[in-house]
Amino acid sequence: MSLASELPPTTKAPEPSAAREIIRVRDLVVGFGQTLVMRGLDLDVYRGEVLGFVGGSGQGKSVLMRTILGLVEKRSGLIELFGRDRDRLSTAERRLVERRWGVLFQNGALFSSLTVRQNIQMPMRESGQVSAKLMDELAMLKLALVGLPASAADKFPAELSGGMVKRAALARALALDPELVFLDEPTSGLDPIGAAEFDELIATLQHTLGLTVFMVTHDLDSLYSICDRVAALAEGKVIAAGTMEEMLACDHPWLQAYFHGVRGSRLAGAPGARQKDMRGRG
Amino acid sequence: MARLSSRREGETVRFSLGGEWVLADSGALEPEAADMVAAARGAARAIVDLAQIARLDTAGAWIIGRALDELAAAGVAVSVEGARPEHALLLQETKFRRFEAPARARGLLIVDILADLGRSVVSAGQDAYDGVVFLGEFVAVTAFAFVAAGRFRLTSLVYHMESFGFRSVPIIALINLLVGAIVAQQGIFQLRRFGAGAYAVDLIGILVLRELGVLLTSIMIAGRSGSAITAELGSMKMREEVDALRVMGLSPMEALVTPRILALVLSLPLLTFVADMSALFGGLLVCWIYEGISPAAYLSLLQEAIGRNTFFVGLIKAPFMALIIGLVAAMEGMATRGSAESLGRHVTASVVKAIFMVIVVDGLFAIFFASIKY
């Protein structure tokens, strides 16, 4: 999994040109009852990049993700996925779009009555056409890719630890080799070693599969090490978006507190290898 | 589309792969990979050129990797050429490895059946034992809650009495009204043949008060409230809420189970009374319509037909039925394990076991009251 850094820097080119936007959100308004969670939010996610999405607890990071996924109704605004307005898609087209993304929910959302193997095979099974042998092998391969032992394949989600659930859920999200992956706090609840491995895994997959990653995270390590860009949510809007350096330079008080707080400055103060790594790939 | 072309130069076979090697095409890719292995048999060297591949995902890379492994196993020296860096990386990541198939122990069918049978006998015995243990714990905890005043959860009790008792009144009244009417109608029609249509009132009074009222109410409550108790406790168990209570030093039995079971024990006699009254009223309507027995005549006939004991036989049973429903529901809820499937299974088991036990106990009561001539 450390192969990511051996790659020549040319293979990744998240060119921020208009045509490269895989998700485009304009003037999004989302609310529940009297409260407005999103107030005219704009967001772009470019093809091939890892976008880290940060924001205070309860600011609506997950709501935004769920709105993009179509799980929460928006009041108004535009959401374009793969260059197409989501409201204008027919049911069949929407299903095709849904095939092209994978989602890792915060708590895994594994199907509790299926084994890990069956969970991973679920999307493949629905796509049809895949032989049973290949499905078994691919499920085991995905398990190996996310760093789970083969013995986990026939366990039920209830028998797994929190970190293993995360990994199994990622394996399921990657089952169809999606172009776009949504990760809701992928490294929360993982030990630092596990979290670092997870980050590397995502970086590797991004290189090999040309994955675009939309990652809601609070993990400053992840933000420094694998995110190409970071967007910050506050007061129902994206208050800033850009590379980590740009975010660090931004003088919004919340961002200052976030990145230059006790935890943030500990990392920013000694970026060393991380920053170098970022430049090497970026 | 996936493309494969091969060219043989003496001992060397040269494969050129192109097009899309992705999961969606796996149905076509697997045979092509098999062809590749077959074509290279007997050759000393195989060169696989990946330069023309437009799209490659893990499934495609896996199929290629598997073919390469099979070639190597067949004694062909394989080399890969022209792979783009990201494809080479993907191939390396998905390098073929053998996954041992999960061992499925398959014994003799007859042995399996006998083993299943034995297991269910043992588990039925275990259920009975657990039930007694649970009852003991419930009685001890409840008695303790009463003695140590202030520990008793009155709010919770009232809340559950409302949801199990008060909110069941309409449906209990309705089904018993209908059943009372049906019994009256059948009674009238059958007894009329002997010119004894008016005796339908005796039939209604005794049948409804002794058996039907309490039985129908219990079955309805087992389905309506027993399942709710199991589902509530089960999902609390699944989400570790029960564990959270326990580590706070609170007994789940005292905090969750006792109020629910007590609420049932208090509600069910009240509901049974409602059921009795509405069934008798249903009988009254039918007797009036079909047999022309006026309400006043119906009431005086009823008074002759039944004694106070008839009424109490039904009512005495109600708290016992409630206890059975509550205990079964709470036990099943607490036995729920992690999965949604487990919750569903336990809710089903709760309702089925509760109804079964209610009917069995009703039979035992019938024998008991007959032998004490009450």
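What counts and what doesn't
Residues numbered from 1 in each chain as written. Chains lettered and ligands numbered in written order. Predicted model: local features only at pLDDT ≥ 70, side-chain atom pairs only at ≥ 80, totals over all residues. Heavy atoms only, no water. Helix = DSSP H or I, 4+ residues; strand = E, 2+ residues; numbered from the N terminus. Buried < 20%, exposed > 50% of the residue type's maximum accessible area, 1.4 Å probe, protein only. Areas by Shrake-Rupley, 256 points an atom, 1.4 Å probe, with all protein chains shown as cover. Contact = heavy atoms within 4.5 Å. Domains from an automatic or database assignment. Polar contact = N/O pair within 3.5 Å; in protein donor to acceptor, adjacent residues only side chain to side chain. Phe/Tyr/Trp six-rings, centres within 6.5 Å; stacked < 30°, edge-to-face > 60°. Lys NZ or Arg CZ within 6 Å of the ring centre and 35° of its normal. Buried area = accessible area lost by both parts, 1.4 Å probe. Salt bridge = Lys/Arg side-chain N within 4 Å of Asp/Glu carboxyl O. Core = buried A, V, L, I, M, F, W, Y, C linked by side-chain atoms within 4.5 Å. Expected span 1.5 Å × (residues − 1). Bend = angle between axes of the 7 residues up to and from the residue. Pairing = 2+ DSSP bridges. Axes fitted to C-alpha atoms, helices over the stretch in contact; angles between N-to-C directions. Parallel < 35°, antiparallel > 145°, perpendicular 65-115°, else oblique. Nonpolar A, V, L, I, M, F, W, Y, C, P; charged D, E, K, R; others polar.

K.L.:
Looking at this structure, how should I read the overall build of chain A?
P.N.:
When its secondary structure is counted, chain A shows 11 helices and 10 strands. Looking at the 282 residues of chain A, the share that counts as buried comes to 55%. Total accessible area on chain A stands at roughly 12100 Å², and carbon and sulfur atoms take up 52% of it.

K.L.:
Got a minute to help me understand the side chain of threonine 217 of chain B in this structure?
P.N.:
With respect to the element layout, threonine 217 of chain B can be found in helix 7 (residues 200-238). With residues up to four places along the chain from it excluded, the contact list for threonine 217 of chain B reads Ile172, Asn176, Leu212, Leu268, Leu271, Thr272 and Ala275 of chain B.

K.L.:
Looking at this structure, I do not really get the domain arrangement of chain B. What am I missing?
P.N.:
Interface size, as often reported, equals the accessible area lost upon joining of the parts. Here chain B is partitioned into domain 1 (3-93) and domain 2 (148-371). Its C-alpha centre places domain 1 of chain B at a distance of 70 Å from the equivalent point of domain 2 of chain B.

K.L.:
Explain the side chain of threonine 336 of chain B to me, please; I cannot follow it from the model alone.
P.N.:
Residue and element names in this part refer to chain B. Mapped onto the elements, threonine 336 comes out in the loop between helix 11 (308-334) and helix 12 (340-371). Owing to a relative accessible area of 2%, threonine 336 belongs among the buried residues under this scheme. A polar side-chain atom of threonine 336 sits 3.0 Å from the main-chain carbonyl oxygen of glycine 333. Discounting chain neighbours no more than four positions away, the residues touching threonine 336 are Gly234, Lys237, Met238, Ser342, Leu343 and His346.

K.L.:
Looking at this model, I keep getting lost on the environment of leucine 69 of chain A. Mind explaining?
P.N.:
Residues and elements named next belong to chain A. With respect to the helices and strands, leucine 69 occurs in helix 1 (residues 61-69). Taking C-alpha positions, leucine 69 is 28 Å from aspartate 191, a pair spaced 122 residues apart along the chain. When near neighbours in sequence (up to four residues on either side) are disregarded, leucine 69 contacts Arg86, Trp101, Val103 and Phe182.

K.L.:
I would appreciate a short explanation of the packing of aromatic side chains in the present structure.
P.N.:
The relative placement of two aromatic rings is captured by the distance of their centres and the angle of their planes. Residues and elements named next belong to chain A. With the rule as written, the count across this model stands at 11 aromatic pairs over all chains. Members of the aromatic cluster, joined through ring pairs, are Phe53, Trp101, Phe182 and Phe214. Residue placement shows arginine 100 over the ring face of phenylalanine 82; its charged tip is 4.0 Å from the ring centre.

K.L.:
Teacher, can you tell me more about the interface of chain A and chain B here?
P.N.:
Counting residues at the interface gives 29 residues for chain A, matched by 26 residues for chain B. Across the interface of chain A and chain B, roughly 2400 Å² is buried in total on both sides, 68% from carbon and sulfur atoms. Seen at the junction of chain A and chain B, the total is one salt bridge. With a closest N to O distance of 2.3 Å, glutamate 137 of chain A and arginine 66 of chain B form a salt bridge. Joining chain A to chain B, the criterion identifies six residue pairs in polar contact (both at pLDDT 80 or more). Secondary-structure elements contributing two or more residues to the side of chain A that touches chain B are helix 3 (116-127), helix 4 (132-145) and helix 6 (192-209) of chain A.

K.L.:
Explanation requested: the nonpolar core in the structure shown.
P.N.:
In globular proteins that are soluble, nonpolar side chains generally tend to be buried together. By size, the foremost hydrophobic cluster in this structure holds 86 residues, and its most contacted members are Leu223 and Phe259 of chain A together with Leu17 and Ile64 of chain B. In this structure leucine 17 of chain B touches Arg3, Leu4, Met36, Val48, Asp49, Leu50, Gln52, Ile53 and Ile64 of chain B, once residues within four positions along its chain are discounted. Core analysis: the next-biggest nonpolar cluster, separate from the first, contains 43 residues, Leu215, Ala263, Ala318 and Leu327 of chain B among them.

K.L.:
Even after reading the chapter, I still don't get helix 9 (residues 252-291) of chain B, so can you show me in this structure?
P.N.:
An α-helix turns once every 3.6 residues. As a result, residues three or four positions apart point the same way. Residues and elements named next belong to chain B. The end-to-end C-alpha distance of helix 9, which contains 40 residues, comes to 55 Å, matching closely the 58 Å that a straight helix rising 1.5 Å per residue would cover. Most pronounced at threonine 258, the bend in helix 9 amounts to some 35 degrees, and the proline proline 259 follows within four residues. Across the 40 residues of helix 9, 28 count as buried, placing the element largely inside the fold. One or two positions beyond helix 9, positive phi appears at glycine 292, with a value near 70 degrees.

K.L.:
Where do I start with the sheet that holds strand 7 (residues 180-184) of chain A in this structure?
P.N.:
Each strand in a sheet pairs with its neighbour through backbone hydrogen bonds, running either in the same direction (parallel) or in the opposite one (antiparallel). Residues and elements named next belong to chain A. The strand order across the open sheet built from six strands is 6-7-8-3-9-10, with neighbouring strands paired in mixed fashion. With partners counted over all chains shown, the strands left at the sheet margins are strand 6 (101-104) and strand 10 (237-242), one partner each. Strand after strand, the sheet turns through a mean of 15 degrees between neighbouring axes, direction not considered. Here strand 9 (residues 229-234) pairs with strand 10 via five bridges, running antiparallel. Looking at the pairing, alanine 232 lines up with alanine 240 of strand 10. Running at roughly 150 degrees to strand 7, helix 1 makes contact with strand 3 (50-55), strand 6, strand 7, strand 8 (212-216) and strand 9 of the sheet.

K.L.:
How should the packing of helix 6 of chain A against helix 3 (residues 85-93) of chain B be read in this particular structure?
P.N.:
For any two helices packed against each other, the geometry comes down to the angle between their axes and how far apart the axes lie. Between helix 6 of chain A and helix 3 of chain B, the least distance of the axes is 8 Å, while the angle of their chain directions is 130 degrees. The angle between the axes of helix 6 of chain A and helix 3 of chain B places the two elements in the oblique class. Residues Thr204, His207, Thr208 and Leu209 of chain A of helix 6 of chain A touch helix 3 of chain B, and the partners they reach there are Glu86, Leu89, Leu90 and Glu93 of chain B. Tallied by class, the residues present in the contact of helix 6 of chain A with helix 3 of chain B amount to three nonpolar, three polar and two charged.

K.L.:
How do you make sense of the sheet that holds strand 2 (residues 12-21) of chain B when you look at a structure like this?
P.N.:
Residue and element names in this part refer to chain B. Read across the sheet, four strands follow the order 1-2-3-4 without closing on themselves; strand pairing throughout is mixed. Looking at the sheet topology across the chains shown, the edges are occupied by strand 1 (3-9) and strand 4 (77-81). Strand-to-strand twist of the sheet, defined as the mean angle between neighbouring strand axes without regard to direction, takes the value 20 degrees. In this fold helix 1 (residues 26-40) packs onto strand 1, strand 2 and strand 3 (45-56), with an angle of close to 175 degrees to the strand it touches most, strand 2.

K.L.:
Looking at this model, I keep getting lost on the pairing of strand 4 (residues 76-81) of chain A. Mind explaining?
P.N.:
Regular strands have side chains that alternate between both faces of the sheet. All names here are of chain A. Both strand 1 (residues 21-32) and strand 4 contribute to a ladder of five bridges, which runs antiparallel. By the bridge assignment, valine 25 is partnered in strand 4 with isoleucine 79. Taken together, the two bridges between strand 4 and strand 5 (residues 84-85) define a ladder with antiparallel strand orientation. Each bridged residue has a counterpart across the sheet, and for glutamate 80 the counterpart in strand 5 is aspartate 85.

K.L.:
What is the right way to look at the environment of leucine 203 of chain B in this model?
P.N.:
Residue and element names in this part refer to chain B. By secondary structure assignment, the location of leucine 203 is in helix 7. Judged by its relative accessible area of 35%, leucine 203 falls in the partly exposed class. Considering only alpha carbons, one finds leucine 203 and isoleucine 306, 103 residues apart in sequence, at a separation of 9.7 Å. Beyond its immediate sequence surroundings of up to four residues, leucine 203 is in contact with Val183, Gly187 and Val208.

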